[in-house]
Amino acid sequence: MPILPVYGHAKLREQLLRLARDGSLPASLLLQGPAGVGKQRLALWIGQTLLCETDAPPCGKCQHCRFALELTHPDLTWIFPRPRPKDADAAPEEIAADLAEEAAARAARGGVYARPPGTEAIYVATVRMLLRRAAMAPGLGRRKVFVIGDAERMVPQEGSEQAANAFLKLLEEPPRDTFIILTSSEPAALLPTIRSRVAAVRAGPLSATEVRAFVSDPAVQSALEGDREAEALVAAAAGAPGRLFGEAARAGATAAARKLVTAAFGPDQAGVYEAALSQSIAGARGGFSETLDALTIVLAERTRDALRTGDERQARGGVRGIEAVEVAKVRADGNVNPQLLTWRLLRDLQDAPR
Ligand SMILES: [Zn+2]
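Remember, predicted model here, so these are calculated numbers, not experimental data. (Residues numbered from 1 in each chain as written. Predicted model: local features only at pLDDT ≥ 70, side-chain atom pairs only at ≥ 80, totals over all residues. Heavy atoms only, no water.)

## Digging into the nonpolar core
We apply this condition: Throughout this description, the term nonpolar core refers to a set of buried Ala, Val, Leu, Ile, Met, Phe, Trp, Tyr and Cys residues connected via side-chain atoms within 4.5 Å. Residue exposure (1.4 Å probe, protein chains only): buried if accessible area is under 20% of the type maximum, exposed if over 50%, otherwise partly exposed. Each helix corresponds to a stretch of at least 4 residues labelled H or I by DSSP, and each strand to a stretch of at least 2 residues labelled E; elements are numbered beginning at the N terminus. We call two residues in contact whenever any of their non-hydrogen atoms come within 4.5 Å of each other.
One finds Ile-46, Trp-78, Ile-148, Phe-167, Ile-181 and Leu-182 to be the most contacted residues of the largest nonpolar core, which totals 72 residues. A per-element tally of this core places helix H2 (residues 39-51) first, with 7 residues. Each residue touching Phe-167, except ones within four places of it in the same chain, is listed here: Val-127, Leu-130, Leu-131, Ile-148, Met-154 and Ile-194.

## Quick word on the coordination of the zinc ion
Put simply, the rule reads: The donor definition counts N, O and S atoms within 2.8 Å of each metal and applies 3.2 Å to Na, K and Ca; water is not among these atoms, so some sites may look incomplete.
Taken together, Cys-52 (SG), Cys-59 (SG), Cys-62 (SG) and Cys-65 (SG) make up the full set of protein donors to the zinc ion, lying 2.3 to 2.4 Å away. Sequence spacing among the residues donating to the zinc ion works out to C-x6-C-x2-C-x2-C. There is no split in this pair, since Cys-62 and Cys-65 are both buried.

## Some remarks on the sheet that holds strand E2 (residues 76-79)
For the record, the criterion: Any two strands are treated as partners once DSSP identifies two or more bridges connecting them. Note on geometry: axes are lines fitted to C-alpha atoms, helical ones only across the stretch in contact, with angles between N-to-C directions running from 0 to 180 degrees.
Read across the sheet, 5 strands follow the order E2-E3-E4-E1-E5 without closing on themselves; strand pairing throughout is parallel. Only two strands of the sheet have a single partner each, and these edge strands are E2 and strand E5 (199-202). Ignoring strand direction, the axes of neighbouring strands in this sheet form an average angle of 20°. In this structure, strand E1 (residues 28-32) lies alongside strand E4 (residues 178-184), joined through 5 bridges in parallel fashion. Looking across to E4, one finds that Leu-30 is bridged to Leu-182. Sitting on the sheet, H2 is in contact with E1, E2, strand E3 (144-148) and E4, with an inclination near 170° to E4. On top of the sheet, helix H5 (residues 124-135) reaches E2, E3 and E4; it is set at about 160° to E3, its chief contact.

## Examining the pattern of salt bridges
Selection criterion: Criterion for a salt bridge: a side-chain nitrogen of Lys or Arg within 4 Å of a carboxyl oxygen of Asp or Glu.
Taken as a whole and assessed by the stated rule, the structure comprises 15 salt bridges. The partner of Asp-89 in a salt bridge is Arg-128, with the nearest N and O atoms 3.6 Å apart. Residue Asp-89 is located in the loop between E2 and helix H4 (92-108), and its partner Arg-128 is located in helix H5; the two are separated by 39 residues in the primary sequence. Look at Asp-89 and you get exposed, because its relative accessible area is 57%. Note that Asp-177 is salt-bridged to Lys-144, the shortest N-O span being 3.5 Å. Within this pair, whereas Asp-177 is found in the loop between helix H6 (161-172) and E4, its partner Lys-144 is found in strand E3, the two being separated by 33 residues in sequence. Taken as a pair, Asp-177 and Lys-144 share a single burial class, namely buried. A cluster of three or more residues bridged by salt bridges with shared partners is formed by Arg-82, Asp-98, Glu-102 and Arg-106.

Written out as structure tokens, the structure is:
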């Protein structure tokens, strides 16, 4: 099944097409803009355009276009955050297979997916896979295209300066047949050494009309949770319809996070036990990393409220709490039981000023 078409970005697509036809599209590109406006979809579209074999790309019909639209083109590699591989030196084939499997799952839903939880990242083994593929000849066509979504979550420097430097060199001087398209909603979080090597292009929010068209797409309809009127969806999307996915999981995580914060800062030790136990029943690792993301947001809110009312002590507690959550996120990356992690985190939160 082909993934859903690109919605919006008409002007930007026109400009990019012109550059691609002239042969002047920068080989290392960064699409930046708010989360959920379809930057990765747009990047995949650029990839399809570069691979299409007709004079009027992307035709949507040639073999290259079809493979690109099914997310199976061997020369279009889509990289995005994934859970940390169990083996830091995982073989490139293993990494590629994991990404292909997730891409296939996304394709089966029309290319619709929720933003990966904050504990997922692009680890060094993935960067090594990318470097290896970039050094190889294209498999099917004349070119290779790499799309790197949520590029600010790349951690190539972690444990391997060599891979980090090789990646920078690749960005600076890609092989003649290679294009690299990064996307990021937090470009300021990209390493300056990466930012200085890419041409940045902004992808802005969609218009209400474009979001309306998006939410009436059958693939979107079947992926949306709940039963809301189109206009309610358009309002909730606020120009970034990708935000509509994974809302239920986020709402559940926020509720769990609020419960943990109330328990940790509350007067009652029994509440802490209860909160830790209910977290362990919710249990699944994916759910836990979403709860940690939500905790950061809830604690930041609490800190802001405290600053507004001049409660310095509570503000300090909030900041200490956010630090403790960051530590828990690192620990959650390892093979640690979420229940144990929750106990430890609650203890750290209790130690913070309240
Ligand atoms: Zn084509």
